[in-house]
Amino acid sequence: MLSIIQAAGWPIWPLILCSVVGLALVIERLMSLRRGRVAPATLVDEVMAVSRTNLPAMDVVNKLADNSVLGGVLASGLRAMIIEPRTTERMLRQTFETAGRAAAQQLERYLNALGTIAAAAPLLGLLGTVVGMIEIFGAQAPTGATNPAALAHGISIALYNTAFGLIIAIPALMFYRYFRGRVDDHLMSLELAAERMVPHLMRFAVRPQATAPR
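The rules behind the values
- Residues numbered from 1 in each chain as written.
- Predicted model: local features only at pLDDT ≥ 70, side-chain atom pairs only at ≥ 80, totals over all residues.
- Heavy atoms only, no water.
- Helix = DSSP H or I, 4+ residues; strand = E, 2+ residues; numbered from the N terminus.
- Buried < 20%, exposed > 50% of the residue type's maximum accessible area, 1.4 Å probe, protein only.
- Contact = heavy atoms within 4.5 Å.
- Polar contact = N/O pair within 3.5 Å; in protein donor to acceptor, adjacent residues only side chain to side chain.
- Expected span 1.5 Å × (residues − 1).
- Core = buried A, V, L, I, M, F, W, Y, C linked by side-chain atoms within 4.5 Å.
- Axes fitted to C-alpha atoms, helices over the stretch in contact; angles between N-to-C directions.
- Parallel < 35°, antiparallel > 145°, perpendicular 65-115°, else oblique.
- Left-handed = near helix turned anticlockwise from the far one by under 90°.
- Nonpolar A, V, L, I, M, F, W, Y, C, P; charged D, E, K, R; others polar.
- pLDDT = per-residue confidence, 0-100.
- 1 Å grid on protein atoms, 1.4 Å probe; cavity = no way out; pocket = protein on both sides within 12 Å on 5 of 7 lines; lining within 4 Å.
- Points joined across faces, edges and corners; volume = space filled by probe spheres on them.

Draft legend 1. Geometry of the overall build of the protein. Within the protein one finds nine helices and zero strands. The order of α-helices and β-strands along the protein, N terminus first, is α-α-α-α-α-α-α-α-α. For the protein, buried positions account for 36% of its 214 residues. In the protein, the share of contacts with a sequence separation of at least 24, taken over all contacts with a separation of at least 6, comes to 78%.

Rendered as structure tokens:
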């Protein structure tokens, strides 16, 4: 491997950096986008069962917020109802929407960086190819004689960098598309859970009393 890196020349180092960063982002997103950390399957039913007769205490809501991303969204609605019992359905939906936008930003973290690596790696490989071509043409002497060692070095720079760029870009693009699909699925789960919670929480809303006519 060290001999390949040496043969590829200096353009290979940005590609190595991209590969290390890309691998770290893939591992981090694989851990963060697991179903159990984002939207546990039974969490909504458990929350509705706990709050069937009355709203839970605030410390229980705080523990729910730390449970998962979905727990944070559900906790936002519970807090809104506990703090302001006269919350209207429109206000409650706005609370869930705000929490959903924050959750979406959390789920999409680092995806732009991974997509940038997928787009930049082939360009960096192309840069290495150009550098290799420059080495090849630089090996041509004015008299027409060629330097075989310099010619071979230029060819190795061009081919190695092109191959490394594609090796990095293809998996990065595949994982980027995969994570985008996972995020979309999770966001749909959060939206459906919020829709289930709205009528459930509105049962605890305090209706304003109408004033009697004089």
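Having seen it, we continue.
Draft legend 2. Fine view of the side chain of Ser68. In this structure, Ser68 sits in the loop between α5 (58-65) and α6 (69-83). Within the local environment of Ser68, its side chain forms a polar contact with the backbone nitrogen of Gly71, the two atoms lying 3.1 Å apart. Those residues in contact with Ser68 that lie beyond four places of it in its chain are Gly36, Arg37, Val38, Pro40 and Leu43.

Draft legend 3. Quick look at α6. The first and last C-alpha atoms of α6 sit 21 Å apart over 15 residues, in line with the 21 Å expected at 1.5 Å per residue. Among the 15 residues that make up α6, eleven are buried, leaving the element largely enclosed by the rest of the structure. Here α6 has its buried residues at Val69, Leu70, Gly71, Val73, Leu74, Ala75, Ser76, Gly77, Leu78, Ala80 and Met81. Capping of α6 at its N-terminal end is provided by Ser68; its side-chain oxygen lies 3.1 Å from the backbone amide nitrogen of Gly71.

Draft legend 4. Local environment of the nonpolar core. Formed by 47 residues in total, the largest nonpolar core has its most connected members in Leu70, Leu74, Phe96 and Met197. Looking at this core, the elements with two or more residues in it are α2 (12-32), α4 (43-50), α5, α6, α7 (89-107), α8 (111-138) and α9 (148-202). Looking at which element gives the most residues to this core, the answer is α9, with 14 residues. Not counting residues up to four positions away in its chain, the partners in contact with Leu70 are Val38, Ala39, Pro40, Leu43, Val44, Leu190 and Ala193.

Draft legend 5. Focus on the packing of α5 against α6. Where α5 meets α6, the closest approach of the two axes is 7 Å, and the angle between their N-to-C directions is 160°. With respect to α6, the axis of α5 lies roughly antiparallel. Classified by chirality, the crossing of α6 by α5 is left-handed. Together, Met58, Val61, Asn62, Leu64 and Ala65 of α5 and Gly71, Gly72, Leu74, Ala75, Leu78, Arg79, Ile82 and Ile83 of α6 make up the contact between the two elements. Tallied by class, residues from the contact of α5 with α6 come to nine nonpolar, three polar and one charged.

Draft legend 6. Up close: the environment of Val69. Tracing the chain through its elements places Val69 in helix α6. C-alpha of Val69 to C-alpha of His186: the two residues are 117 residues apart in sequence and 9.4 Å apart in space. If we skip the residues at most four places from it in the chain, Val69 touches Arg37, Val38, Ala103, Gln106, Leu107 and Leu190.

Draft legend 7. Inspection of the side chain of Arg29 at higher detail. Relative to the assigned elements, Arg29 resides in helix α2. Under the relative-accessibility criterion, Arg29 is labelled buried at 3%. The contact partners of Arg29, leaving out residues within four places of it in the chain, are Gln106, Leu107, Glu108, Arg109, Tyr110, Leu111 and Phe179.

Draft legend 8. Layout of the confidence of the model for the protein. Considering every residue of the protein, the mean pLDDT works out to 87; 87% of them sit at 70 or more. Element-level pLDDT for the protein is lowest in helix α1 (residues 2-8), with a mean of 69, against a maximum mean of 94 in α7.

Draft legend 9. Seen up close, the environment of Ala169. You can see Ala169 is positioned in helix α9. Separated by 50 residues in sequence, Ala169 and Ala119 place their C-alpha atoms 6.8 Å apart. Look past the residues within four positions of Ala169 in its chain and what remains in contact with it is Ala118, Ala121 and Pro122.

Draft legend 10. Main features of the layout of surface pockets. Looking at the largest pocket, its volume works out to about 300 Å³. Every residue lining the largest pocket is counted, 13 residues in all, and those nearest its centre are Phe96, Glu97, Gly100, Glu191 and Ala194. Only α7 and α9 provide two or more residues apiece to the lining of the largest pocket. Space inside the second largest pocket adds up to approximately 160 Å³. In terms of lining residues, the second largest pocket is bounded by Glu28, Arg29, Ser32, Leu33, Arg37, Ser68, Val69, Gln106, Leu107 and Arg109. Elements represented by at least two residues in the lining of the second largest pocket include exactly α2 and α7. If one sorts the elements of the lining of the second largest pocket by residue count, α2 sits on top with three residues. Across the lining of the second largest pocket, the residue classes break down as three nonpolar, three polar and four charged.

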